[in-house]
Amino acid sequence: MDMLIAKKRLPEIKSSEITPKCVYRNRREFIMGGAALALGLNMTSSWAALQSESPFPKPFADAPGSLYSSDEKLTDYESVTTYNNFYEFSTDKHRPAELAKNFMARPWTISVAGECNKPRQWDIDELISKFPSEERIYRHRCVEAWSMVVPWIGFELGKLIKASEPTANAKFIEFETLHDPQRMPGQKPGFLGGTLDWPYREGLRMDEAMHPLTILTVGLYGEYLPGQNGAPLRLTVPWKYGFKGIKSIVSIRFTEQQPQNTWNLQAPSEYGFYANVNPEVDHPRWSQAKERKIGELFKQPTLMFNGYGDHVADLYSGMDLSRHF
Ligand code: MTE
């Protein structure tokens, strides 16, 4: 449980060293077997796991595993896909699953532009075949003090960055979500449309973007990303709060200046640019010292950098993280 990810630095992983892929069914059987012996408490989550076998095809069922994967118990599929933050559909966490169920994520193009020598438009399926995905089981920590463990499917953002040949001026990278109120009802003018300044935007410093833990995510639990989780392409940065994980990306730009990010624009005193998980820096309205893992009863301590400190703490050496939150 405490062993989140391999402790040593893992600069390059040879394919011969890739761990066998985690098989969710086996995990579930293990959980269920345990529950049969165990006390009533565990029964709920194992029953949920039993109920939650997805009916969808699993195009990434054979994606290789990764040494960066956590070995913690997975959050069940049902919770991962029905408890979502996706304001383009609803501010209610349970509604995106219903409202984004039929979201059309094809055809879909992603433009890569800005400070780079090879700008281009990528078709999503071209991107998926050019950069083979692996499974990354990551802790997923929301700024609202809940967390999950999700078997994402994705590839390193750094690979797309290298292929785009950023210029020396590229200091940051900026992402934008689709802006289409016809397909994303939460963007319609009026009460809901007024919730955020669309399109949803996010950004990373170049070294954060190039870090091997940072992935572009195209699936979860072996299948394509469901609409509510950000189909067809989202960002996943496991040492940061979940709001950095921008969904349904249509634009990626290399910039010289630090990009704006939606939640910082919305409430600058509450949400910064960096958004590194940090138990010592509270949100102005609540503590970040503990978190509740979805599906579990008791809170657990929040880990610095969400448990990925051995890999990423160096990126921030010398920075005052209470100021750069
Ligand atoms: N991306 C867009 N475009 N719109 C959003 O509302 N919510 C963010 C992030 N990405 C959001 C978004 C927040 S606050 C979180 S916690 C995660 O998505 C939630 O991801 P999940 O629903 O897959 O758990």
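Here the structure is a predicted model, which means the values were calculated and not measured. (Residues numbered from 1 in each chain as written. Predicted model: local features only at pLDDT ≥ 70, side-chain atom pairs only at ≥ 80, totals over all residues. Heavy atoms only, no water.)

Visitor: Residue-level account of the site of the ligand, with values.
Guide: Among the 17 residues in the neighbourhood of the ligand, the closest are listed as Y87, E88, H140, R234 and K247. Take K247: an N or O atom from its side chain is 2.7 Å from an oxygen atom of the ligand. Burial of the ligand by the protein chains amounts to 98% of its free accessible area of 540 Å². Among the residues making up the shell around the ligand, the classes are represented as 7 nonpolar, 7 polar and 3 charged. (Near = heavy atom within 4 Å. Polar contact = N/O pair within 3.5 Å; in protein donor to acceptor, adjacent residues only side chain to side chain. Areas by Shrake-Rupley, 256 points an atom, 1.4 Å probe, with all protein chains shown as cover. Nonpolar A, V, L, I, M, F, W, Y, C, P; charged D, E, K, R; others polar.)

Visitor: Could you give an account of helix 6 (residues 157-164), with specific residues and numbers?
Guide: Every buried residue of helix 6 is listed here: L157, G158, L160, I161 and S164. An end-on view of helix 6 places all buried positions within 160° of arc, on one side of the element. Count one or two residues on from helix 6 and you reach E165, which has phi positive near 50°. (Buried < 20%, exposed > 50% of the residue type's maximum accessible area, 1.4 Å probe, protein only. Helix = DSSP H or I, 4+ residues; strand = E, 2+ residues; numbered from the N terminus. Arc of directions from axis to C-beta.)

Visitor: I'd like to hear about the pairing of strand 10 (residues 249-255), residue by residue, with values.
Guide: When a strand is regular, its side chains alternate between the sheet's two faces. The element strand 10 is extensively covered by neighbouring structure, given that 5 of its 7 residues are classed as buried. Pairing of strand 1 (residues 109-114) with strand 10, which is carried by 4 bridges, proceeds in the parallel orientation. Looking across to strand 10, one finds that S111 is bridged to S251. Pairing between strand 5 (residues 172-177) and strand 10: 6 bridges, direction antiparallel. In the strand pairing of strand 10, T177 is matched with I249. (Pairing = 2+ DSSP bridges.)

Visitor: I'd like to hear about the sheet that holds strand 2 (residues 120-123), residue by residue, with values.
Guide: Strand order in this open sheet of 5 strands is 2-1-10-5-6, and the pairing throughout is mixed. For this open sheet the edge positions go to strand 2 and strand 6 (201-205), each flanked by a neighbour on one side alone. Looking at each pair of strands side by side, their axes are set apart by 20° on average, direction ignored. Contacting strand 1, strand 2, strand 5, strand 6 and strand 10, helix 6 crosses the sheet at an angle of about 60° to strand 10. (Axes fitted to C-alpha atoms, helices over the stretch in contact; angles between N-to-C directions. Contact = heavy atoms within 4.5 Å.)

Visitor: Before we move on, can you summarise empty space enclosed by the protein with the specific residues and values?
Guide: Counted according to the given criterion, the structure contains 2 cavities of 30 Å³ or more. Considered as a void within the structure, the largest cavity measures approximately 90 Å³ in volume. Lining the largest cavity are 14 residues; nearest its centre among them are H140, T236, V237, K240 and G242. Secondary structure elements with two or more residues in the lining of the largest cavity: strand 3 (134-141) and strand 9 (234-236). The residue inventory of the lining of the largest cavity, partitioned by class, reads 5 nonpolar, 5 polar and 4 charged. (1 Å grid on protein atoms, 1.4 Å probe; cavity = no way out; pocket = protein on both sides within 12 Å on 5 of 7 lines; lining within 4 Å. Points joined across faces, edges and corners; volume = space filled by probe spheres on them.)

Visitor: Talk me through the nonpolar core; I want residue IDs and the actual numbers.
Guide: With 78 residues, the main nonpolar core has L160, F175, L216, L235, W239 and I252 as its most contacted residues. With 7 residues, strand 4 (residues 146-156) is the largest single contributor of residues to this core. If near-sequence neighbours (up to four positions away) are discounted, L160 is found in contact with V112, W122, L127, F131, F155, L216 and I252. (Core = buried A, V, L, I, M, F, W, Y, C linked by side-chain atoms within 4.5 Å.)

Visitor: Talk me through the environment of P181; I want residue IDs and the actual numbers.
Guide: Considering the arrangement of structural elements, one finds P181 in the loop between strand 5 and strand 6. Along the chain, P181 and F89 lie 92 residues apart, while their C-alpha atoms are 9.4 Å from each other. Apart from residues lying up to four places away in sequence, P181 is in contact with Q187 and K188.

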